[in-house]
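Below, each chain spelled out in residue letters.
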Amino acid sequence: MSFDIFDTLIMRTVAEPYHVNEIIRFKVEDLLGKNFDFPTLRIAAEESARKIKGGDVTLDDIYKSFAELTGLDEDTCKKIRELEVATEVELSLPREDVLAWFNELRDFYKKELWLISDMYMQTPDLERLLKKCGVEGYEKLLISCETNLRKDTAAIWDNLRGLEDKLIHIGDNETSDIQLPGDRGFDAYHVMNALNLFELTPFGKMLAERLDRKKSLYAGIFLGVVLAKKFQSPFALNEEITAQAGRIVLKNYRELGYWFFGTPRLTFILWLIQKTRADNIRRILFFSRDGYFLQPLYKFICELLNLKPLPSDYFYASRRAITVAALRNLDDTEDLLTLHFEGTLKKFFKVRFGLELDDATEIFLPVKSEELVREAIKNHAAEILSNAATERANYDKYIKSLSGNRDKIGVVDMGYSGTIQYHLQRLTKKIFTGYYFATSFNNRFGAAAEDRMRGCFTENDNYATTTCAVYKYQLLFESILTAPDAQLKNFDAEGKPVFGEPEPGQIHFAEIAEVHEGIKDFCRDVLKNFGDIILRVPIDKNFVDAWIESFIKDSFIVPQNLKAIFDLEDEYCNTMHGNALDFYRLTISH
């Protein structure tokens, strides 16, 4: 029995082989202390070596040409060569099911096992990699750079003529591992590599098409980690493993967190770390309820990166609580007329001011009803401002109960107009910098937005025309950014928070907590493999958009029993009542 090595017995935790050299680039730059285009120079060195030798080349041949091409001394080139091999070893892992075949054939069936590879790495290099992956007990290691016999030219298969009835080959490449040996009478068994298997699924096919099959290093890392988790087995799409043969169907909430939410959430935290550093922020306030899971995730990721997190607070805030507390005169209420609301005047007064008004008139803000609502506010001005003064005094007690530096503070929230940040500034007379998933062009800061607000995935965007998937499908992310407590209403006389009625997020809180455990699993896997190198890789927002869009459009990936966490209830605007995932899929279908 013979086995191909790469993508058959073992795989890498990056999506494409070329991503390996892009990672090595950072290590070489650290070694040399300067910018260095390793991927380009490494390719040129291999091409030069092949031209000189007129055939297959070893890694030693490549680095001889590399030294001539770059002018680097022999000792430095040896170090870079070692960086390449060490990185290949670090990024490799076994395909466990295929390795289990290998071990069974060796131990139970007593077969003689050969490894055959078209590769420039030499025997000592490959042996290191194979040992790390637990591949042992093979009789022969046939590497094209040492035998001058390649699979993709059929030279190795022609050389093995006479063994057609004795040799069965297992590999992933349809041509060099299957067709060419098959044409010569050898039995061959095809096992699909992880990426090709993934791209057979509706999700994978849509992602590949959306990316036009081009993958940045950022995409290669994030996709590579997911492939290693979900498609290590060539049988991942068999009906015995997945609920729908040929499709990705998530099994539980933790898997949902890993598979879907891990990519955008890790991206946001990495961006937050870098942006707060650049802005010299000294403390972060994570607004409730979005911050309930974001704050510990920020600390968790900093720990994995061996970084000291900035001091931070989980800060109780809501549009309802902060806007009322910031009211000092009737002019301040004009702001509330610009915020969207559909429902009765009674409901409006209840959710916006915390006051009872017996008026069932239907209103719609801000498109119409402004004058009607303005008149009602004027008629109840004394009551509104008296209540606001009480709530302001109570909110101030809460703020004063918090310790720590109050200068150079960043605030973190989902987005989008900076309403809470704006009114907090009015309430405290301090300036904050907001860090959001997305920001709207129709924000509270106008011309000052460039200094006051940062958007990870998009900035100053129009929701009606946005192409940013995080912004477009914001309710999916809001549905899991919740807390055990319901929406904050205000503070009592002791400065303690007072909450509203439980919402879907509280009803399904245990399930949402499992989603966040899956997000942590994903972050751990990425940072375990790539460490602080990930902070040097440019964030690819197009990949994140493509990932989200593909997820939304795959109607089978989230089974019915996992959909309840996307239920939402927006009391403040009185608009969204239902399941966000169903809503978006219905919108797309129309």
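Computed from a predicted model, the values in this text were never measured in an experiment.

Enquirer: Sorry, what's going on with the overall build of the chain here?
Expert: Within the chain, the secondary structure is distributed over 26 helices and 18 strands. The buried share among the 590 residues of the chain stands at 56%. Across the chain, contacts joining residues at least 24 apart in sequence account for 71% of those joining residues at least 6 apart. Taking the average place of the 75 positive charges on the side chains of the chain and the average place of its 92 negative ones, the gap between the two points comes to 4 Å.

Enquirer: Which parts of the structure should I look at to understand the packing of helix H2 (residues 38–53) against helix H3 (residues 59–70)?
Expert: If you want to describe how two helices pack, look at the angle between their axes and the distance between the axes. At their nearest, the axes of H2 and H3 sit 8 Å apart, and the two run at 115° to each other. Judged by the inter-axis angle, H2 sits roughly perpendicular to H3. Relative to H3, the crossing made by H2 is right-handed. Here H2 contributes Phe38, Leu41, Arg42, Ala44, Ala45, Glu46, Ser48, Ala49, Ile52 and Lys53 to the contact with H3, which in turn contributes Leu59, Asp61, Ile62, Tyr63, Ser65, Phe66, Leu69 and Thr70. Residues of the contact of H2 with H3, tallied by class, amount to 11 nonpolar, 3 polar and 4 charged.

Enquirer: Just to check I follow, could you spell out the sheet that holds strand S14 (residues 453–461) for this structure?
Expert: Strand pairing in a sheet relies on backbone hydrogen bonds, with the paired strands running either antiparallel or parallel. Spatially, S9-S8-S12-S13-S14 is the arrangement adopted by the 5 strands of the open sheet, whose pairing is parallel. The open sheet terminates on both sides in strands that have one partner only, identified here as strand S9 (312–315) and S14. The average undirected angle you get between the axes of adjacent strands in this sheet is 30°. Pairing of strand S13 (residues 432–440) with S14, which is carried by 5 bridges, proceeds in the parallel orientation. What sits directly across from Tyr436, in S14, is Gly455.

Enquirer: Sorry if this is basic, but what is going on with the packing of helix H4 (residues 74–91) against helix H6 (residues 123–132) here?
Expert: Here H4 crosses H6 at 25°, and the two axes come no closer than 9 Å. The pairing of H4 with H6 is recorded here as roughly parallel in orientation. Note on packing geometry: the crossing formed by H4 with H6 is right-handed. Contacts between H4 and H6 involve Arg81, Glu82, Val85, Ala86, Glu88, Val89 and Glu90 from the first element and Asp125, Arg128, Leu129 and Lys132 from the second.

Enquirer: I tried to follow the environment of Cys456 on my own but got confused; where do I start?
Expert: Relative to the assigned elements, Cys456 resides in strand S14. Residue Cys456 is classed as buried on the basis of its relative accessible area, which comes to 0%. Distance from Cys456 to Phe287, taken between C-alpha atoms, is 16 Å for residues 169 residues apart in sequence. Once residues lying within four places of it in the same chain are set aside, the contact partners of Cys456 are Thr267, Phe268, Trp271, Tyr436, Phe437 and Lys541.

Enquirer: What should I look at first to understand helix H26 (residues 580–589) in this one?
Expert: In an α-helix, one turn spans 3.6 residues; hence positions three or four apart end up facing the same way. Listed in full, the buried residues belonging to H26 are Ala580, Leu581, Tyr584 and Arg585. Along the long axis of H26, the arc covered by the buried residues comes to 130°, so they all point the same way. In H26, the exposed positions that point more than 90 degrees away from the buried face belong to Leu586 and Ser589. N-capping of H26 is provided by Asn579, with a side-chain oxygen placed 3.1 Å from the backbone N of Leu581.

Enquirer: How should the pairing of strand S12 (residues 409–413) be read in this particular structure?
Expert: Every other side chain in a regular strand lies on the same face of the sheet, so the side chains alternate between the two faces. Across the 5 residues that make up S12, a large majority, 5, are buried. Residues of S12 alternate between two faces, with Ile409, Val411 and Asp413 on one and Gly410 and Val412 on the opposite face, all of them buried. In this sheet, S12 lies alongside strand S8 (residues 283–287) in parallel orientation, the contact comprising 4 bridges. The residue bridging Leu285 from the neighbouring strand is Val411, located in S12. In this sheet, S13 lies alongside S12 in parallel orientation, the contact comprising 5 bridges. What sits directly across from Val412, in S13, is Tyr435.

Scoring rules and cut-offs
Per chain, residues are indexed from 1 in the order of the written sequence. For a predicted model such as this one, the threshold for reporting local features is a pLDDT of at least 70, and the threshold for listing and counting side-chain atom pairs is 80 or more; totals across whole chains, interfaces and linings nevertheless cover every residue. Processing note: side-chain calculations cover all non-hydrogen atoms of the structure and skip hydrogens and water entirely. Put simply, DSSP marks the helices as runs of H or I at least four residues long and the strands as runs of E at least two long, and each gets a number from the N terminus on. Buried, partly exposed and exposed residues are distinguished by accessible area as a fraction of the type maximum, computed with a 1.4 Å probe on protein chains only: under 20%, between the cut-offs, and over 50%, respectively. In this description, contact between two residues means that some pair of their heavy atoms is separated by no more than 4.5 Å. Charge counting treats Lys and Arg as positive and Asp and Glu as negative, with His and both chain ends excluded. Charge positions come from single atoms, namely NZ of Lys, CZ of Arg, CG of Asp or CD of Glu. Between N-to-C directions, angles cover 0 to 180 degrees, with each direction set by a line fitted to C-alpha atoms, over the stretch in contact for helices. For classification purposes, angles smaller than 35 degrees are called roughly parallel, those larger than 145 roughly antiparallel, those between 65 and 115 roughly perpendicular, and all remaining angles oblique. Crossings are assigned a handedness: left-handed for a near helix turned anticlockwise from the far helix by less than a right angle, right-handed for a clockwise turn. For this scheme, ten residues count as nonpolar: Ala, Val, Leu, Ile, Met, Phe, Trp, Tyr, Cys and Pro. Four count as charged, namely Asp, Glu, Lys and Arg, and the remainder, Gly too, count as polar. Should DSSP find at least two bridges between two strands, the strands are regarded as paired. The directions considered for the arc are those from the helix axis to the C-beta atoms. For the purposes of these results, a polar contact is taken to be a pair of N or O atoms within 3.5 Å, where, inside protein, one atom must be able to donate a hydrogen and its partner to accept one; residues adjacent in sequence count only when each atom of the pair is a side-chain atom.

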